[in-house]
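Below are the chains, spelled out letter by letter.
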Amino acid sequence: MRMDGVDRIDHIDMEAVTAVLREAAETAILPRYRALADGDVTEKSPGEVVTVADREAEALITRRLRALLDVPVIGEEAAAENPALLAALPKARYAWLVDPLDGTANFVAGRPSYAVMAALVRQGETVAAWIVHPATGVGYTAEKGSGAWRDGVRLRRGPASADPAALRGAAFTRFLPDAARAHVEAARSRFADAGLGTKAAGVDYPQLAEGKLDFSLYQRTLPWDHAPGTLLLAEAGGTAARHDGTPYRPADDRLGLLAAADPRCWQTVHDILINFA
């Protein structure tokens, strides 16, 4: 990666970053899949677990990304130990975001729905994204203005049905206020399917981009969880926005995010799940 005289990256080696994530998966994550030892899993906060695989993968990815482009690296596990790291995101001209093991609970349970993710943020806006699924070896990339890709094949998300009863989606309600949770639970039956999703944003967003889901509703929007996927979806032709319709930006710590196949689908789902007060 190179930077020109106005402090802008003039080339991003997308494959090099994908290779970093694959290396982390192969060396730190896959050897421990369904083989975690006693003491490999700890609770970092109530209901949130972390494994030795998370920490080792993040350390490796951080070193490798800094060798490619020496700007701040904000990783999920580093930020958990030092929340002040997030303060660098809105201020940095460039910053890396890293989720070394998205879907840790799935990984611990032996389920294959987990991912390794990274994003490059420029002045608060996501400009490049990478998602790797270690269990299948599939890799996704997106670059702002240049499209979304699955292992080199262009992703183009088609429009969803105009009929809510034909829509398939996910609504993760764990962090919703009680009234909103009750409303969403009651409204699930209005869709063809509206379950809890995979509980891994790095799996849900590719499913949206590929047409396997039509929408996904989130309350907590941590930047390493959503920066990669929202760009992948947008570059494939979908849309993701805050509940008030404003675009998602990683440095914005507000709650609530709805991702959908297209703007009409977004509005349809919004009117059913969110616009009820």
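Look up: the structure comes first, before these words.
First things first, this report covers the structure right here in the doc. (Residues numbered from 1 in each chain as written. Predicted model: local features only at pLDDT ≥ 70, side-chain atom pairs only at ≥ 80, totals over all residues. Heavy atoms only, no water.)

### Observations regarding the packing of helix H7 (residues 201-210) against helix H8 (residues 223-236)
And then number 1: Where H7 meets H8, the axes come as close as 9 Å, and the angle between the chain directions of the two elements is 5 degrees. The pairing of H7 with H8 is recorded here as roughly parallel in orientation. For the pair H7 and H8, the contacting residues are Ala201, Tyr205, Pro206, Leu208 and Ala209 in the first and Asp225, His226, Gly229, Thr230, Leu232, Leu233 and Ala236 in the second.
And then number 2: Tallied by class, residues from the contact of H7 with H8 come to eight nonpolar, three polar and one charged. (Axes fitted to C-alpha atoms, helices over the stretch in contact; angles between N-to-C directions. Helix = DSSP H or I, 4+ residues; strand = E, 2+ residues; numbered from the N terminus. Parallel < 35°, antiparallel > 145°, perpendicular 65-115°, else oblique. Contact = heavy atoms within 4.5 Å. Nonpolar A, V, L, I, M, F, W, Y, C, P; charged D, E, K, R; others polar.)

### Comments concerning the nonpolar core
And then number 1: Counting residues in hydrophobic clusters, the biggest one holds 31 residues, and the most contacted among them are Ile29, Ile61, Trp96, Leu120 and Trp130.
And then number 2: Secondary-structure elements contributing two or more residues to this core are helix H1 (14-29), helix H2 (52-68), strand E6 (94-102), strand E7 (115-122) and strand E8 (125-133).
And then number 3: Core analysis: the second largest hydrophobic core is formed by 21 residues, Ala180, Ala194, Leu258 and Ile274 among them. (Core = buried A, V, L, I, M, F, W, Y, C linked by side-chain atoms within 4.5 Å. Buried < 20%, exposed > 50% of the residue type's maximum accessible area, 1.4 Å probe, protein only.)

### Re the sheet that holds strand E14 (residues 215-218)
Through backbone hydrogen bonds, the strands of a sheet pair up, either in parallel or in antiparallel fashion.
And then number 1: Strand order in the open sheet made by the five strands is E13-E12-E14-E16-E15, with mixed pairing throughout. Each edge of the open sheet is held by one strand with a lone partner, namely strand E13 (193-195) and strand E15 (239-241). With strand direction ignored, the average angle separating the axes of adjacent strands in the sheet is 10 degrees.
And then number 2: Alignment of strand E12 (residues 168-171) against E14, held across three bridges, turns out to be parallel. Looking across to E14, one finds that Ala171 is bridged to Leu217.
And then number 3: Contacting E14, E15 and strand E16 (257-260), helix H9 (residues 263-273) runs over the sheet at an angle of about 135 degrees to E16. (Pairing = 2+ DSSP bridges.)

### What about the packing of aromatic side chains?
And then number 1: Inspection of every chain in the model, using the stated rule, returns seven aromatic pairs.
And then number 2: Relative to Trp130, the ring of Trp96 lies with its centre 5.9 Å away and its plane at 50 degrees, an arrangement referred to as tilted. Taken together, the residues Trp96 in strand E6 and Trp130 in strand E8 connect sequence positions 34 residues apart.
And then number 3: Residue class for Trp96 comes out buried when judged on its relative accessible area of 0%.
And then number 4: For Trp130, a relative accessible area of 0% corresponds to the buried category.
And then number 5: Plain terms: the ring middles of Phe191 and Phe215 are 4.8 Å apart, the flat faces sit at 50 degrees to each other, and that makes the pair tilted. One end of the pair, Phe191, is in the loop between helix H6 (178-187) and E13; the other, Phe215, is in strand E14, with 24 residues separating them in the sequence.
And then number 6: Overall, the relative accessible area of 5% leaves Phe191 in the buried class. (Phe/Tyr/Trp six-rings, centres within 6.5 Å; stacked < 30°, edge-to-face > 60°.)

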